[in-house]
Number of protein chains: 2
Amino acid sequence: MDPDSLSKAFVEHYYTTFDSNRSNLIGLYQESSMLSFEGEKIQGAQNISNKLNSLPFQQCKHNISTVDCQPSGPAGGMLLFVSGNLQLPGEEHALKFSQMFHLIPTAQGSFYVFNDIFRLNYA
Amino acid sequence: MDPDSLSKAFVEHYYTTFDSNRSNLIGLYQESSMLSFEGEKIQGAQNISNKLNSLPFQQCKHNISTVDCQPSGPAGGMLLFVSGNLQLPGEEHALKFSQMFHLIPTAQGSFYVFNDIFRLNYA
């Protein structure tokens, strides 16, 4: 799969899972993974999953505006840079966000998320 | 220098240079460097410098809102994620932007920009 197709497939999988059953995202992270969520740093798959599951809304819908990808170096990693908006229940206006992922190949031929940085873009 | 101090110093240096004499940014890139600028991919220090120099404004002012940093792996790289706004001459409203940098250590003990992804955040 070429890098652009792979990044689109990852992004679709990530946000569809987030919006339908975000506890399933734990499988995308490993113990070395790090999430920066609105400036808070969280390390490890279980801690990251706990953070995502504790967000104070049950339903949400991510709409993706742009996806950029670049190879991150000789080890076969990929950097993804996503922008879009996030619709929360009861909110009239969607929230704009940007998020980046650093994907690292696994021995099984897949990828896991090593770095994840999320920020809302306040107007 | 700890990672947070290093990233703040890089960000200050990068945008101060951009706003005062952006042709000097060429020294931060190498031949393997890649810039994605609003979806356009450009590789190599000279090509990246040409792109930045060709942007259709002479004066600008970046104001930084947030800087996140994470180590990018065992090789000592650093990922920076920046949000802020960009004031252009003659424009009443500043443009919001997000940008990420992947910094790689050099043999000389400094860092160069391996990955650079820039996006305006349209309202």
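Attention in this report is confined to the structure presented alongside it. Bear in mind that the values here come from a model prediction, so they are computed numbers and not experimental data.

A tally of regular secondary structure across chain A gives 2 helices and 6 strands. Relative to the 2.2 N^0.38 estimate, which gives 14 Å for 123 residues, the radius of gyration of chain A is 14 Å and therefore close to what a compact globule would have. The principal-axis extents of the C-alpha atoms in chain A amount to approximately 45 × 30 × 25 Å. Here chain A, with 123 residues, has 50% of them falling under the buried criterion. Sequence separation of at least 24 residues holds for 43% of the intrachain contacts in chain A that already meet a minimum separation of 6. About 6,000 Å² of surface is accessible on chain A, with carbon and sulfur atoms providing 52% of the total. The positive charge centre, built from 7 side chains, and the negative charge centre, built from 11, are 4 Å apart in chain A.

Residue and element names in this part refer to chain A. Enumeration over the complete set of coordinates arrives at 21 aromatic pairs over all chains. Relative to F118, the ring of F37 has its centre 4.9 Å away and its plane inclined at 5 degrees; by these criteria the two rings are stacked. Here F37 is found in strand β1 (residues 29–37), whereas its partner F118 is found in strand β6 (residues 111–120), with 81 residues between them in sequence. Under the relative-accessibility criterion, F37 is labelled buried at 16%. Judged by relative accessible area, which is 6%, F118 ranks as buried. Judged by centre distance (5.7 Å) and plane angle (20 degrees), the ring pair of F97 and F118 falls under stacked. Placement of F97 in strand β5 (residues 95–105) and of F118 in strand β6 is noted, with a sequence separation of 21 residues between them. Feature note: the residues F10, Y14, Y15, F18, F37, F97, F101 and F118 constitute an aromatic cluster, connected by ring pairs.

Related by rotation about an axis and a shift along that axis, the two copies of the chain form a pair. Between chain A and chain B, which share one sequence, the superposing operator has a rotation angle of 180 degrees and an axial displacement of 0.0 Å; the RMSD is 0.0 Å. The symmetry that links the two subunits is that of a two-fold axis. Taken together, the interface assignments show that 100% of the residues at the interface of chain A recur at the interface of chain B, consistent with an identical surface on both copies.

Right, let's talk about helix α1 (residues 3–21) of chain B for a bit. Residues and elements named next belong to chain B. Taking 1.5 Å of rise per residue, the 19 residues of α1 would be expected to cover 27 Å, and the 26 Å separating its terminal C-alpha atoms lies within 8% of that figure. Listed as buried for α1 are L6, S7, F10, V11, Y14, Y15, T17 and F18. Burial along α1 is one-sided: seen end-on, the buried residues are contained in an arc of 155 degrees. In α1, the exposed positions that point more than 90 degrees away from the buried face belong to K8, E12 and S20. Elements that come into contact with the buried residues of α1 comprise β1 (29–37), α2 (45–53), β3 (61–71), β4 (78–87), β5 (95–105) and β6 (111–120). Put simply, D2 is the residue that caps the front of α1, since its side-chain oxygen is 3.1 Å from the backbone nitrogen of D4.

Bringing the sheet that holds strand β4 (residues 78–87) of chain A into the picture now. Backbone-to-backbone hydrogen bonds pair the strands of a sheet. The strands run either parallel or antiparallel. All names here are of chain A. Read from one edge to the other, the open sheet built from 6 strands follows the order β2-β1-β6-β5-β4-β3, with strand pairing classed as mixed. Two strands bound the open sheet, and with one partner strand each, they are β2 (40–43) and β3 (61–71). The mean inter-strand angle of the sheet, taken between neighbouring strand axes irrespective of direction, is 15 degrees. Inspection of the sheet shows β1 paired to β6 by 5 bridges, in the parallel sense.

Next up on the list: the interface of chain A and chain B. Put simply, an interface is often sized by how much accessible area is lost when its parts join up. Listed by partner, the interface residues are 28 residues for chain A and 28 residues for chain B. Counting the surface lost from both chain A and chain B, the interface buries some 2,300 Å², and carbon and sulfur atoms represent 58% of this. The three residues of chain A that bury the most area against chain B are Q70, F81 and R119 of chain A, which together make up 27% of that side's buried surface. Linking chain A with chain B are 4 salt bridges, by the criterion used here.

About the criteria used
Residues numbered from 1 in each chain as written. Chains lettered and ligands numbered in written order. Predicted model: local features only at pLDDT ≥ 70, side-chain atom pairs only at ≥ 80, totals over all residues. Heavy atoms only, no water. Helix = DSSP H or I, 4+ residues; strand = E, 2+ residues; numbered from the N terminus. Rg over C-alpha atoms; globule rule 2.2 N^0.38 Å. Buried < 20%, exposed > 50% of the residue type's maximum accessible area, 1.4 Å probe, protein only. Contact = heavy atoms within 4.5 Å. Areas by Shrake-Rupley, 256 points an atom, 1.4 Å probe, with all protein chains shown as cover. Lys, Arg positive; Asp, Glu negative; His and termini not counted. Charge placed at Lys NZ, Arg CZ, Asp CG, Glu CD. Phe/Tyr/Trp six-rings, centres within 6.5 Å; stacked < 30°, edge-to-face > 60°. Least-squares fit on C-alpha atoms with pLDDT ≥ 70 in both. Expected span 1.5 Å × (residues − 1). Arc of directions from axis to C-beta. Polar contact = N/O pair within 3.5 Å; in protein donor to acceptor, adjacent residues only side chain to side chain. Pairing = 2+ DSSP bridges. Axes fitted to C-alpha atoms, helices over the stretch in contact; angles between N-to-C directions. Buried area = accessible area lost by both parts, 1.4 Å probe. Salt bridge = Lys/Arg side-chain N within 4 Å of Asp/Glu carboxyl O.

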